[in-house]
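# Notes for the structure review
Listed below are the residues making up each chain.
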Amino acid sequence: TQTVSQSDAHVTVFEGDSVELRCNYSYGGSIYLSWYIQHHGRGLQFLLKYYSGNPVVQGVNGFEAEFSKSDSSFHLRKASVHWSDSAVYFCAVSARNNNAPRFGAGTKLTVKP
Amino acid sequence: EAAVTQSPRSKVAVTGGKVTLSCHQTNNHDYMYWYRQDTGHGLRLIHYSYVADSTEKGDIPDGYKASRPSQENFSLILELASLSQTAVYFCASSEGQGAYEQYFGPGTRLTVL
């Protein structure tokens, strides 16, 4: 079974700063990788995914993520954050042999004005 | 737009009692999932289903049963609720596994006293 690690439980930045949220995975085979966002008190919403091709994928609201097979990573980035980006971000991994997605522990992003 | 609803939205149960959490989706998706969310653990997979009348165990199935009586409905049953099952429970659906994004419900906050 695949596992996901998000090393930072909390990240705090100021509005306009850039941010990178880290995700590392462990699995011996081919995988699909995704990021989801959870605003306070809500369900998770899909941001972006990678399954092949260009390792840099674009998502909604200026988010992008880069896949690195050598580092077993799929870090999420945004060049200039807004206060509304404050939320918890989850990385998810699905094995290509069709099993259910597994999620990391989440990173809480706080954007200060 | 994809829609996953959960009921109840919150519930207080007594230790040893039976609890049923319900999930309904109007996405016409084959796959449905139950996750629990605890601080520091992110989302953990309890059960999932890829067809009506069939369920599969996830990573933490002990103490939980699942039922998929139709494509649209997926229930999570706690026959003997325990304090350790206090958590937020999320239901999700997806068209398939692997590369397919999941659509999440708003969650059910369960408190077992």
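Reference entry: report on the structure contained in this document. (Residues numbered from 1 in each chain as written. Chains lettered and ligands numbered in written order. Predicted model: local features only at pLDDT ≥ 70, side-chain atom pairs only at ≥ 80, totals over all residues. Heavy atoms only, no water.)

## Some thoughts on the layout of surface pockets
Filter applied, for reference: Within this scheme a cavity is a closed region of a 1 Å grid, computed over the protein atoms alone, that accommodates a 1.4 Å probe without allowing it to escape, whereas a pocket is open but has protein on both sides within 12 Å along at least five of seven lines; lining residues each have an atom within 4 Å of a point. Grid points are joined across faces, edges and corners, and a volume is the space filled by probe spheres set on the points. Only DSSP runs of H or I covering at least 4 residues are called helices, and only runs of E covering at least 2 are called strands; the numbering of each starts at the N terminus. Only Asp, Glu, Lys and Arg are considered charged in this grouping, and only Ala, Val, Leu, Ile, Met, Phe, Trp, Tyr, Cys and Pro are considered nonpolar; every other residue, Gly among them, is considered polar.
Here the largest pocket is characterised by a volume of approximately 810 Å³. Looking at the largest pocket, it is lined by 34 residues, and the ones nearest its centre are A:Gln38, A:His40, A:Val88, B:Gln37 and B:Thr39. Mapped onto the lining of the largest pocket, the elements with two or more residues apiece are β10 (87–95) and β12 (107–112) of chain A together with β4 (31–38), β9 (87–94) and β11 (108–112) of chain B. Across the lining of the largest pocket, the residue classes tally to eleven nonpolar, 18 polar and five charged.

## Let's talk about the nonpolar core
Side chains that are nonpolar tend, in soluble globular proteins, to be buried together. Applied cut-off: Only buried residues count toward a nonpolar core. Its members are Ala, Val, Leu, Ile, Met, Phe, Trp, Tyr and Cys residues joined through side-chain atoms within 4.5 Å. Any residue under 20% of the maximum accessible area for its type is buried, any over 50% is exposed, and the rest in between are partly exposed; the area is computed with a 1.4 Å probe on protein chains only.
Counting residues in each nonpolar core, the largest one holds 27 residues, and the members touching the most others are A:Leu33, A:Trp35, A:Leu47, A:Leu48, A:Phe74, A:Leu76 and A:Tyr89. The next biggest cluster of nonpolar side chains, apart from the first, holds 19 residues, and it includes B:Ile46, B:Tyr64, B:Leu76 and B:Ala81.

## Points about empty space enclosed by the protein
The tally for this structure, following the rule as stated, stands at one cavity of 30 Å³ or more. Here the largest cavity is characterised by a volume of approximately 50 Å³. What lines the largest cavity is simply A:Ser34, A:Tyr36, A:Lys49, A:Ala92, A:Ser94, A:Pro101, B:Gly98, B:Ala99, B:Tyr100, B:Glu101 and B:Gln102. Residue assignment for the lining of the largest cavity shows that the elements contributing at least two residues are β5 (31–38) and β10 of chain A. Considering only residue class, the lining of the largest cavity consists of five nonpolar, four polar and two charged.

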